[in-house]
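So you can see what is in the structure, the chains are spelled out below.
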Amino acid sequence: MPIMGKETASDRGSQVLPKVPVPPLKQTLDTYLKCVQHLVKEEQFKKTKAIVERFGAPGGVGEVLQKKLLERRDKMTNWVYDYWLEDMYLNNRLALPVNSSPAMVFPKQMFKDHRDALRFAARLIRGVLDYKALVDARALPVDFARGQLAGTPLCMEQYYHLFTSYRYPGLKTDTLKVQMNAASSAPEHIIVACKNQFFVLDVVANSKQLNELEIVSQLEKILKMSENAEERLPPFGILTSDGRTEWAQAREALTKDQTNRGSLALIESCICVVCLDEPSGLQPSDNNRALLMLHGGGREKNGANRWYDKSMQFVVGMDGICGVVCEHSPFEGIVLVQCSEHLMKYITGSPSKIVRASSIRELPPPRRLLWKYNPHIQGLLEASRERLKRLVNNLDMDVFKFKAYGKEFIKNQKMSPDAFIQVALQLAFYKCNKRLVSTYESASIRRFQDGRVDNIRSATLEALAFVQSMTDERAAFTDSEKMKRLRAAIDVQTNYTVAAITGMAIDNHLLGLLRIAKELNMEKPEIFCDETYLASNHFILSTSQTVPSSLQVPTTVEMFCCYGPVVPNGYGVCYNPQSDHIIFCVSSFWENTKTSSAVFVKALKEGLLEIWDLCNRSSAAATKVADSSQEASQPHKSGK
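Summary of the structure given here. Quick caveat: nothing in here was measured; it's all calculated off a predicted structure.

Turning our attention to the overall build of the protein chain. Secondary structure summary: the protein chain contains 19 helices and 20 strands in total. Taken over the C-alpha trace, the protein chain has a radius of gyration of 26 Å; the compact-globule value for 640 residues is 26 Å, and the two agree within 12%. Judged by the C-alpha coordinates and their principal axes, the protein chain covers about 95 × 80 × 55 Å. When the 640 residues of the protein chain are sorted by exposure, 57% land in the buried category. Restricting the contact set of the protein chain to residue pairs at least 6 apart, pairs at least 24 apart contribute 78%. For the protein chain, the exposed surface amounts to about 27,600 Å²; the carbon and sulfur share of it is 54%. Of the charged side chains in the protein chain, 80 are positive and 71 negative, and the gap between their average positions amounts to 2 Å.

In structure tokens, the structure reads:
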């Protein structure tokens, strides 16, 4: 995870980062076999091993594809970027909420009344403009890596996509557009969603940005306009919550009309979306706040008060439930974290600059976006509403704060906190299912130009050996054997992490080889049709760490990140290790009876405590041994 440096991105022109490497073919194939051997049946593995050997044989298909991949690397800034973006996001047909878009839940706000909520929203908007100015001026401090291989400067490109990106739905594949235009044509408006209606809020008037009180006054007008029942339009935002192909078809129907094309153009070019949400009527528990950020609670609550294609949607609930939901294709979670922290610091930091009432300009009122529709479009809205309802009812979320220990204890054991938690997640999964499965942990490859992520495959053979020793019914393993296995599992996990962040993991490489074969119009290589390969890319456990970077918001007002599973029978696990506790957000789907977030959390808590006990017993035993050997070496004093 990054830490902030002092030099800014504009100082860095001379220091060009290296290109993402293409790992050696043999290394990737060997690692692949090692990753899958213990996750598939013996017969199946034999078959896979033969297929992989044929693929990697001298003069075989693998060598041809590898050569082409190396040529692609020479020609491009980042050989994997487009392949990865399409495979990970743009080709995916699932709805964005829950399945793709992560959310950051802000500390619960205590609003006295709606005016108070609008003041918070106005400060938030001022904070966004403040952060955007830093981004536009390339004045953000460069992130430097911390954790494994700390100190390397990281690519800052993702930050420049925060407010300039829009994901257009397509029938077969989506398009991510990033406006990299001249400042003169840069957008100067925000879209405000209120009561499922959309309004254009210009943040610049007569070449001068609106101040906080001016924004509050404009938001007041929006609130009033949204309450006018005669002008109320159907909830068009709900279309963006649908499957991507369904939304692409609906968008095609909408764009037949000029009014709709105008409204879409304004949304597609805005800086961000601010959603003023109605009170949800739910207890503001961590679980409920996470659910409301991810899907808005469906059409009955605030699920249609959204526009999911836009990269940043800030949610300000009149009941104090606030946060941000982001379209994931333009940037990773750390960018969301850094931006959110800047905003919280801005909102809670300097006291509101009291602006004299006389300095509030008479501004034209915000404009309501208009939509034209017919019975066909009304039918599409109804269908989207039903599908969102099913998604909302399906998400099983458990936000769990583990308080027994945090990073400090783990570091005292001379272990990497991230690797330790990953091994604990394997233990939890094994306790629930008596097997391990293909696991995804995102690893940043921002050490390279335009680097995004690769995958750390955490379900290692060593993790399996450790979890088996911890769950063995016959209690056949001594503490020292368990401890040996724990350290081995953590070492392997740490080594894989280092390989991944230095561009030597296998997932991007295998994807690259597959895509080159497609580009050459070759028959799909056998290795990619093999059921082992298909199973190895079905990530039943999808995990990532989010760490607040430089700013430690007082722990009473913690923010946390959450997301849904990536497969119907899977878990999404996001975790945030702090010095004396760890926050976990575990998600799964109710429709799948084999998964349960509460059952997983219970196993996770048990496992973390069992590992804690094991470490404590082992250090006590080590101390005892050290003491007795010290005593033995002390010469006995004679009694004279």
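Bringing the nonpolar core into the picture now. Soluble, globular proteins show a tendency: their nonpolar side chains are buried together. Core analysis: the biggest nonpolar cluster contains 110 residues, and Leu219, Leu276, Met312 and Trp371 have the highest contact counts within it. When residues in this core are grouped by element, the largest group, eleven residues, is from helix α5 (residues 114-136). Beyond its immediate sequence surroundings of up to four residues, leucine 276 is in contact with Leu118, Ala121, Val192, Ala193, Cys194, Lys195, Leu219, Asn305, Val316 and Met318. If you look at the next biggest cluster of nonpolar residues, it comprises 45 residues, including Ala419, Ala424, Leu427 and Ile540.

Side chains bearing opposite charge may pair, as long as their charged atoms lie close to each other. Tallied over the full model, the rule gives 38 salt bridges. For glutamate 227, the salt bridge is made with lysine 195, and the minimal N-O distance between the two is 4.0 Å. Placement of glutamate 227 in the loop between α6 (212-226) and α7 (244-254) and of lysine 195 in the loop between β6 (189-194) and β7 (197-202) is noted, with a sequence separation of 32 residues between them. Taking the relative accessible area as the measure of exposure, glutamate 227 reaches 46% and is therefore partly exposed. By relative accessible area, lysine 195 is classed as buried at 19%. The partner of arginine 244 in a salt bridge is aspartate 309, and the shortest N-O contact between them spans 3.0 Å.

Counted under the stated rule, the structure contains 22 aromatic pairs. Relative to tryptophan 307, the ring of tryptophan 247 lies with its centre 5.7 Å away and its plane at 85°, an arrangement referred to as edge-to-face. With a gap of 60 residues between them, tryptophan 247 in helix α7 and tryptophan 307 in the loop between α9 (286-295) and β11 (312-317) connect regions that are remote in the sequence. The exposure class assigned to tryptophan 247 is buried, which follows from its relative accessible area of 0%. Ring pairs connect the aromatic residues Phe400, Phe402, Tyr405, Phe409, Phe420, Tyr575, Phe584 and Trp612, which therefore count as one cluster.

What follows covers the sheet that holds β11. To summarise the sheet geometry, strands pair through backbone hydrogen bonds and adopt either a parallel or an antiparallel arrangement. What the eight strands build is an open sheet, ordered β13-β7-β6-β10-β11-β12-β2-β18; its pairing is mixed. Edge strands, defined here as strands with exactly one partner in the open sheet, are β13 (367-368) and β18 (560-562). The pairing of β11 with strand β12 (residues 322-326) spans five bridges and is classified as antiparallel. Looking across to β12, one finds that valine 315 is bridged to glycine 323.

A few words now on a nonpolar patch on the surface. Side chains of Val61, Val64, Leu520 and Met522 sit close together on the surface and give an oily, nonpolar patch of about 270 Å² of accessible area. With respect to the helices, strands and loops of the structure, valine 64 is situated in helix α3 (residues 61-75).

Compared with the 22 Å implied by 1.5 Å per residue over 16 residues, the 22 Å span of helix α10 (residues 333-348) between its first and last C-alpha is a close match. Taken across its 16 residues, α10 has 13 buried, putting it largely inside the fold.

An order of β14-β20-β19-β17-β15-β16 is seen for the six strands of this open sheet, with the pairing classed as mixed. Two strands close off the open sheet at either side, each with one partner strand: β14 (395-402) and β16 (453-456). In this sheet, adjacent strand axes meet at a mean angle of 20° when their direction is disregarded. Alignment of strand β15 (residues 439-444) against β16, held across four bridges, turns out to be antiparallel. The residue bridging glutamate 441 from the neighbouring strand is isoleucine 456, located in β16.

In this section: the packing of helix α13 (residues 417-433) against helix α15 (residues 479-501). Packing of α13 against α15 leaves a shortest axis separation of 9 Å and a crossing angle of 115°. Where α13 crosses over α15, the two elements pack in a sense that is right-handed. Facing Ala419, Phe420, Gln422 and Val423 of α13, the residues of α15 in contact are Leu486, Ala489, Ile490, Gln493 and Thr494. When grouped by side-chain class, the residues that make up the contact of α13 with α15 number six nonpolar, three polar and no charged.

Attention shifts here to the packing of α13 against helix α14 (residues 461-471). Running from N to C, α13 and α14 point in directions that differ by 55°, and their axes come no closer than 9 Å. Here α13 is positioned oblique relative to α14, judged by the angle of their axes. Where α13 crosses over α14, the handedness of that crossing is right-handed. Contacts between α13 and α14 involve Val423, Gln426, Leu427, Tyr430 and Lys431 on the former and, on the latter, Ala463, Leu464, Phe466, Val467, Gln468, Met470 and Thr471. In terms of residue class, the contact of α13 with α14 is built from eight nonpolar, three polar and one charged.

Backbone phi values are negative for most residues with the exception of glycine, while trans is the configuration of most peptide bonds. Positive phi, close to 70°, is recorded for valine 98, a residue that is not glycine. Considering the arrangement of structural elements, one finds valine 98 in the loop between α4 (81-90) and β2 (103-105). Of note in this structure, alanine 475 is not a glycine but carries a positive phi near 50°. Turning to its location among the elements, alanine 475 is positioned in the loop between α14 and α15. For alanine 475, a relative accessible area of 63% translates into the label exposed.

So, how was this worked out
- Residues numbered from 1 in each chain as written.
- Predicted model: local features only at pLDDT ≥ 70, side-chain atom pairs only at ≥ 80, totals over all residues.
- Heavy atoms only, no water.
- Helix = DSSP H or I, 4+ residues; strand = E, 2+ residues; numbered from the N terminus.
- Rg over C-alpha atoms; globule rule 2.2 N^0.38 Å.
- Buried < 20%, exposed > 50% of the residue type's maximum accessible area, 1.4 Å probe, protein only.
- Contact = heavy atoms within 4.5 Å.
- Areas by Shrake-Rupley, 256 points an atom, 1.4 Å probe, with all protein chains shown as cover.
- Lys, Arg positive; Asp, Glu negative; His and termini not counted.
- Charge placed at Lys NZ, Arg CZ, Asp CG, Glu CD.
- Core = buried A, V, L, I, M, F, W, Y, C linked by side-chain atoms within 4.5 Å.
- Salt bridge = Lys/Arg side-chain N within 4 Å of Asp/Glu carboxyl O.
- Phe/Tyr/Trp six-rings, centres within 6.5 Å; stacked < 30°, edge-to-face > 60°.
- Pairing = 2+ DSSP bridges.
- Patch = residues over 30% accessible without salt bridge, like charges linked within 9 Å, V, L, I, M, F, W, Y side chains within 5 Å.
- Expected span 1.5 Å × (residues − 1).
- Axes fitted to C-alpha atoms, helices over the stretch in contact; angles between N-to-C directions.
- Left-handed = near helix turned anticlockwise from the far one by under 90°.
- Nonpolar A, V, L, I, M, F, W, Y, C, P; charged D, E, K, R; others polar.
- Parallel < 35°, antiparallel > 145°, perpendicular 65-115°, else oblique.

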